[in-house]
Each structure stands twice: as C-alpha cells, then as structure tokens.
Amino acid sequence: KMTALTKVVVIGLSIAVFMCLLYVVKLSSKKNVSNIEAGTVDDGLESKLTASSTNDMLTLTKEGPETTFASSIQIAPQHTLSSSATSSRPPTKEHTKPTPPPPHNILYLIQTEQCIPPYFQLNDVFGIPNLGFEVIVLSYKEACLDSSMPHVQYLLDNSTTWTTGRNVLFEAAMNRNQTYLYYVFIDDDFALGDPRQLIMGPWRRFESSLRSYEPAIAAIDNGWVPRIRDFHAERQCSGEAAEFIGTVWFDAICNAFHYKAIRHILPYDPTFDQQTWWASQMSVIIRSEVLFRGQVVLHMELFGKNNKHRPYPRDFNFTPDMLHHMTKDLDTLVPAFRARCANVTIQQWRTMKPMEHGSSSPTLCLPSAPYHDTIAPGRYACT
C-alpha cells in the first residue's frame, strides 16, 4: 500500500507530465501557423489553404489528421502566398495607358523687325515665364540677340511678307514637339485693353476665357466690334450681353486658333500678296465661316488697338476671280451630307460683296455654341 507521501509524489509527477504534453502541443500549433504565414505547409500533412475575405484579410484553414484550427491574419499587399492561394485570385487586369490630358498652354506668334517690342516684355503681358504660355518671334530685318526671356524663341527671315512671315511662324509652331491649346497670331503693334481694369489683367483674362469657352477661332478686334454690335442689334439676334459673340468678320491683328481647327484654316494663302496683303486674311475669314460657322467668335469685353501703320500693298476690292480662288474646293472639306449647306455660304461669298455678306450673313444670328463644344469642320453648316 502506498503511503500518503507516495500518493502525493505520483499525483505531482502526473501533473508535470500533463503540463509538458500541453506545452509540446502548443509549440507544435505555433509552428504550423507560422508555416502557413510563410506560405508553406509541412509535417507531411494533407493541407488545404483557403481565402475568404476582403481588404486583404484572409482566413487561413489547415486540416490534418490530428488538428484543425483557423486563424485570421493580415496579409500585407506585397506578401507572397503559395500557388494554391494565388491561383484562387482573379487575374489582374491588363494595364492600359491613360488618355493624355488635352493641351493647356498657349503659344503666341509675333513678327517684328528685330526684338520683341517693350510692351510685350511687361510682366503682365509676356515678361514672366511659366504662366501657361510661350512665344515665338520672327525677326524679319535683323537677328535679335536678347536672351533675357527664355520662354521666347527667335527666328530670322528677312525675305517674308506679312503673309509668308505668318506662315514661317505657323510652320515653326507645327514642328514643335508640344501641342498647344491655342495658337495666337498677333501683330507687333497690338495692345490689349480691358475697360474694367481687373486685377487679372487683359492678357491673362483673354487666356482664361479661351480655356473656359474653347471656340474654334477667337479674335480681339480693332474697330470692328462696334459694327458687329450694330449688326446684331439691327438683326435683333440677341439682346443680352455676352463675353463672346459669333462673327464673320475679324481683323487679323489678334487671332486665336484652336489646335483642332488651325490645320483646317492655315497656312495663309500668299497668291495675291503683290496686289494686296489683305487678301490672305480675307481667305482666312471665308474659310473660317464655311468650315466653322457658329464657332468663330469675338471677345466683346476686351478691346485692341494698334499704334503703327507701315506701308504695304492694300486693296479691299476683291474681284470675282479672287473670291472664286479663295472658295474653291471648300465644300470638299466638310462631311458630304453637309456639303450642300456649305455651298450656300460659298455662293454667297462669290456673288455678294464681302462687306455686304459680312453684315448680313445668317451666321451672325446663330445661337452661341456651347462651352467646350465639339470642333469639327461643317458641324453647323446646315444650322
């Protein structure tokens, strides 16, 4: 018979053995969990790894002949799971290149005798770089050696007329690696004003208006604005004030061409330069109405003026042959189903005096095109 002391010793040893067994089982469980977290399964057990959750929270389950346990662990995005786990994930979508944003900057194109005039060097005009614009200057007499404005590029060509000089600028602009939202041709004696004298300044306001509205062609006129207002008043087109109004006529002194429209209108036609330099702008006016009627506008809240009047060939009497030359094949540049409508406008230019058509064209009373309208030749040819 066991004494009381012997019984105590046996019970104590039994408890110690039982605790050791529990400790061994606990260590084994921790090892298995760690193996699963590392993406491996061992011990020769038949294992299964399942994932069911969102936000990278996976429920991992291992089943074996002796133990079954479950544990939720947070898997970092870069964690690598075994093939049995990754095969259950949906295939990753193929990466597609995002559509590039539309151009935002504006390119000014000026021709002058040598260096850009002092007015354009003012800070609130073109004097400060990195404000969303760049400048190309064609020097048509002497090369400009001033490099103080890094955002201004100079070209030299002393064999140009006004028309061919603008074409040199047009070609230089088209050959740049960057596409600009607007290409703005201005004469070197042009100055822009805003009667409201806003803090923004007239040039930054002009640029802001172009970006907000995005017409096909926009102009700041020099003396024509009152007459355009009169045309609208006489025809009772619109009694409300507007920042932009549709037009047929626009002076060449400041013209902004949208990047989707410029190649349909330019280059300028120098055919009649020996007779009159006004003919090349007349051709631009005609092409603009035929191809983009309703999307050619004047800024009515800004005004321009020019201070120089150099001698050059000028004549406003355009013969029928000249007008026929300016309008030939224009109907082929609009969609075929709108060619008949475009021909109506073409015939008006051929049979009426330019001033008469400019003051009576139905284009003047078209509703204003919506902001950020689709720019395409002939879009409103039948409107």
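So, here is what we can say about the structure in this document. (Residues numbered from 1 in each chain as written. Predicted model: local features only at pLDDT ≥ 70, side-chain atom pairs only at ≥ 80, totals over all residues. Heavy atoms only, no water.)

### Some details on helix H5 (residues 202-213)
With 12 residues, H5 should reach 16 Å at 1.5 Å per residue; the first-to-last C-alpha distance of 16 Å fits that figure. Within H5, 10 of the 12 residues are buried, leaving the element largely enclosed by the surrounding structure. Looking at the residues trailing H5, positive phi occurs at glutamate 214, about 60°. (Helix = DSSP H or I, 4+ residues; strand = E, 2+ residues; numbered from the N terminus. Expected span 1.5 Å × (residues − 1). Buried < 20%, exposed > 50% of the residue type's maximum accessible area, 1.4 Å probe, protein only.)

### Points about a nonpolar patch on the surface
A grouping of Ile11, Ile15, Phe18, Met19 and Leu22 is seen on the molecular surface, where their side chains present a nonpolar patch of about 520 Å² in accessible area. In this structure, phenylalanine 18 sits in helix H1 (residues 4-37). (Patch = residues over 30% accessible without salt bridge, like charges linked within 9 Å, V, L, I, M, F, W, Y side chains within 5 Å. Areas by Shrake-Rupley, 256 points an atom, 1.4 Å probe, with all protein chains shown as cover. Salt bridge = Lys/Arg side-chain N within 4 Å of Asp/Glu carboxyl O.)

### Regarding the state of the cysteines
Applying the stated rule across the entire model yields 2 disulfides. Paired through a disulfide, cysteine 115 and cysteine 144 show a sulfur-sulfur distance of 2.0 Å. Taking the sign of the S-S torsion, about 105° here, the bridge from cysteine 115 to cysteine 144 comes out right-handed. Of this pair, cysteine 115 sits in the loop between strand E3 (106-112) and helix H3 (123-127) while cysteine 144 sits in the loop between strand E4 (133-139) and strand E5 (152-156); the two residues are 29 residues apart in sequence, bridging distant segments of the chain. Taking the relative accessible area as the measure of exposure, cysteine 144 reaches 11% and is therefore buried. A sulfur-sulfur separation of 2.0 Å characterises the disulfide bridge that pairs cysteine 341 with cysteine 382. Residues cysteine 341 and cysteine 382 are joined through a disulfide that is right-handed, its torsion about the S-S bond being 100°. (Disulfide = S-S within 2.5 Å.)

### Some points on the pairing of strand E7 (residues 190-193)
Of the two faces of E7, both are covered, the one formed by Phe190 and Leu192 as well as the one formed by Ala191 and Gly193. As defined by bridge partners, E7 adjoins strand E12 (residues 303-306) across 4 bridges and the pair is classed as antiparallel. Counterpart to leucine 192 in the pairing with E12 is glycine 304. (Pairing = 2+ DSSP bridges.)

Keep in mind these values describe shape, not function.
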